[in-house]
Amino acid sequence: MNNFKSGFASVIGRPNVGKSTLVNNLVGGKVSIISPKAQTTRNRIQGIYTTDNEQIIFIDTPGIHKPKHKLGEFMNNESIKTLTDCDLILLVVDGNMSYGSGDEYIINLLNKLVDKKILETKVYLVINKIDIIKDKDKLMENVLSFTSHYNFDEVYYISALNNQNLDILLKGIIDCLDYGPMFYPKDQISDHPESFVISEIIREKVLKLTHEEVPHSVGVVIENMELDKDNQNLVNINACIVVERQSQKKIIIGSQGSMIKEIGTLARKDIVMLLGKKVFLDIWVKVEENWRDRQSQLKELGYFNEE
């Protein structure tokens, strides 16, 4: 293991810039859920990339934003905590979006940590979605806005969705790492238990199918998950979708149960791929008003650390 490299890379940025897509494609498996809606990722999710020569633990963080409720505060804290205990920071930005107040908030945060000598970690600027950029001059203006506000160690241009230049980015990350141990088994791609990944898969399908009808006031709890007593190749899963209003419950259930049936069908396909077994998935919906501002509910849904 003398020539083995390892380390932790924190992936930060505004909501919906492609952080989860990047981590999933670098790791080569479904670690973080992907949705066209902002603020999909709520927990720090570690995706693990391992070869014979290196192991990179990617920390996919919630998008840093101005919080509007306790859940938002939790999400921001999760992101900020990763900045001081990692070996490399990847600031992912959407190459099609101009430098704005959200970017300024993150850059100011990085600069403050540097000024206080709290942050000495290298920071790479990762320009995502270059496959859909039409105005190259505008892109360079955006990049200049970032590089003039922070002294980045490297700048990379990628398309996370199409795997464009990810090999170049990966090499840059590996070059930055020190020699170290293998922290996780070679075949492990996430540090979260299967039940957490399953709850996130179900939440992803809710966000995908309900579009703008149901905002991010949706949580999922796996109430029970066990092998069938009569069939060891079958996993029985009971899941509960938590919403804030009765109207949201009606949307998720759908006419004669059509929506919740479709959510279950799509989720089951991914869960079967994850577990490698047949799956019986039972989903129901309950209303918990203002759960995003209630600490007890946030804890139940896994959005509070014991620290």
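Above: the structure in question.
Residues numbered from 1 in each chain as written. Predicted model: local features only at pLDDT ≥ 70, side-chain atom pairs only at ≥ 80, totals over all residues. Heavy atoms only, no water.

Here we come to the packing of helix α1 (residues 19-27) against helix α5 (residues 166-176). The relative placement of two packed helices comes down to the angle between their axes together with the axis-to-axis distance. Look at α1 against α5: their axes get within 11 Å of each other, and the N-to-C directions meet at 80°. Classified by the interaxial angle, the pair formed by α1 and α5 is roughly perpendicular. Residues Leu 22, Asn 25 and Leu 26 of α1 form the contact with α5, whose participating residues are Leu 166, Leu 169 and Leu 170. Considered class by class, the residues forming the contact of α1 with α5 number 5 nonpolar, 1 polar and no charged. (Axes fitted to C-alpha atoms, helices over the stretch in contact; angles between N-to-C directions. Helix = DSSP H or I, 4+ residues; strand = E, 2+ residues; numbered from the N terminus. Parallel < 35°, antiparallel > 145°, perpendicular 65-115°, else oblique. Contact = heavy atoms within 4.5 Å. Nonpolar A, V, L, I, M, F, W, Y, C, P; charged D, E, K, R; others polar.)

Note on sheets: strands pair through backbone hydrogen bonds, and any given pair is parallel or antiparallel. Spatially, β8-β9-β10 is the arrangement adopted by the 3 strands of the open sheet, whose pairing is mixed. Pairing within the sheet leaves two strands with one partner each, and these edge strands are β8 (219-227) and β10 (278-287). Adjacent strand axes in the sheet meet at a mean angle of 15°, parallel and antiparallel pairs treated alike. Pairing of strand β9 (residues 234-243) with β10 involves 10 bridges; the strand directions are parallel. The residue bridging Val 235 from the neighbouring strand is Val 279, located in β10. Sitting on the sheet, helix α6 (residues 194-210) is in contact with β8, β9 and β10, with an inclination near 130° to β8. In the packing of helix α7 (residues 246-253) onto the sheet, the strands contacted are β9 and β10, and the crossing angle to β10 comes to about 155°. (Pairing = 2+ DSSP bridges.)

A separate point is the packing of α7 against helix α8 (residues 258-275). At a minimum axis separation of 4 Å, α7 and α8 run at an interaxial angle of 65°. In contact with Ile 251, Ile 252 and Ile 253 of α7, α8 contributes Ser 258, Met 259, Ile 260 and Ile 263.

When you tally the buried positions in strand β4 (residues 88-94), you get 7 out of 7 residues, the bulk of the element. Of the two faces of β4, the one holding Leu 88, Leu 90, Val 92 and Asp 94 and the one holding Ile 89, Leu 91 and Val 93 are both buried throughout. Note: strand β1 (residues 5-12) against β4, 4 bridges, orientation parallel. Residue pairing for β4: Val 11 is matched across the bridge by Leu 90. In this sheet, strand β5 (residues 122-128) lies alongside β4 in parallel orientation, the contact comprising 7 bridges. Bridge pairing in β5 links Val 93 to Ile 127. For the handedness criterion, the β-α-β arrangement of β4, helix α3 (residues 101-115) and β5 is classed as right-handed. (Buried < 20%, exposed > 50% of the residue type's maximum accessible area, 1.4 Å probe, protein only. Right-handed = clockwise from strand over helix to strand, strands pointing away.)

Turning our eyes to something else, we now look at the pattern of salt bridges. Within the structure shown, the criterion is met by 8 salt bridges. Here Asp 175 ties to Lys 171 by a salt bridge, and the two come within 3.0 Å at their closest N and O atoms. You can see Asp 175 and its partner Lys 171 sitting in helix α5, 4 residues apart, about one turn around the helix. Lys 171 sits in the exposed class, given a relative accessible area of 53%. Of the charged contacts, one joins Glu 288 and Lys 286 as a salt bridge, the two residues approaching to 3.8 Å between their closest N and O atoms. Taking the relative accessible area as the measure of exposure, Glu 288 reaches 18% and is therefore buried. Residue class for Lys 286 comes out partly exposed when judged on its relative accessible area of 25%. Connected through salt bridges with shared partners, the residues Glu 204, Lys 205 and Asp 270 form a single ionic network. (Salt bridge = Lys/Arg side-chain N within 4 Å of Asp/Glu carboxyl O.)

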